[in-house]
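What follows is each chain in one-letter form.
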Amino acid sequence: MIGVWAAISAALAVAAGAFGAHGAAGPQQAEWLRTGGLYQLIHAVAALAIMGFARGPAILLLVGGAIFAVSLYAMALGAPRWLGAVTPIGGGLLIIGWLWAAWLFWRG
């Protein structure tokens, strides 16, 4: 199931990046879409790469990436700016996921 969610996440990231490049209302909205898309895509691919060895961290990368990116996407599409306060929660989950993965790889 991680693979399915990672693939959907990557597709959404590409769509957000494309919309940011061609249909965003302004430069700030384009930047939010670009940043969200980049983070979401990187973490979708990372989740695919580690899902066989580090299932928990892979899930955390997908969840954190989604929270981070979707909060930015929502603001780019007109949601209230206070939603930006949610973005660091996703970033924190990404950091925890990477540290958890590092610990698992270190343990071997």
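Here the structure is shown first, and the text comes after it.
Residues numbered from 1 in each chain as written. Predicted model: local features only at pLDDT ≥ 70, side-chain atom pairs only at ≥ 80, totals over all residues. Heavy atoms only, no water.

Q: I keep staring at the environment of G37 and nothing clicks. Help me out?
A: Here G37 lies in helix α2 (residues 27-50). G37 sits 34 residues away from S71 along the chain, and the two C-alpha atoms are 11 Å apart. The contact partners of G37, leaving out residues within four places of it in the chain, are A13 and Y73. (Helix = DSSP H or I, 4+ residues; strand = E, 2+ residues; numbered from the N terminus. Contact = heavy atoms within 4.5 Å.)

Q: What is the right way to read helix α3 (residues 55-76) from this model?
A: Along an α-helix, residues three or four positions apart point the same way, because every turn accommodates 3.6 residues. With 22 residues, α3 should cover 32 Å at 1.5 Å per step; its first-to-last C-alpha distance of 31 Å lies within 8% of that length. Just beyond α3, the residue with positive phi is G78, at close to 110 degrees. (Expected span 1.5 Å × (residues − 1).)

Q: Teacher, can you tell me more about the packing of aromatic side chains here?
A: Each aromatic ring pair is described using two quantities: the centre-to-centre distance and the angle formed by the ring planes. Scanning all chains against the criterion turns up 2 aromatic pairs. Residues Y39 and F68 carry aromatic rings whose centres are separated by 4.5 Å and whose planes lie at 20 degrees to one another, so their mutual orientation is stacked. Of this pair, Y39 sits in helix α2 while F68 sits in helix α3, and the two are 29 residues apart along the sequence. Given the relative accessible area of 37%, Y39 is considered partly exposed. In this structure F68 comes out as buried when scored by relative accessible area, which is 12%. It is R107 that lies over the ring of W103; its NZ or CZ is 4.5 Å from the centre. (Phe/Tyr/Trp six-rings, centres within 6.5 Å; stacked < 30°, edge-to-face > 60°. Buried < 20%, exposed > 50% of the residue type's maximum accessible area, 1.4 Å probe, protein only. Lys NZ or Arg CZ within 6 Å of the ring centre and 35° of its normal.)

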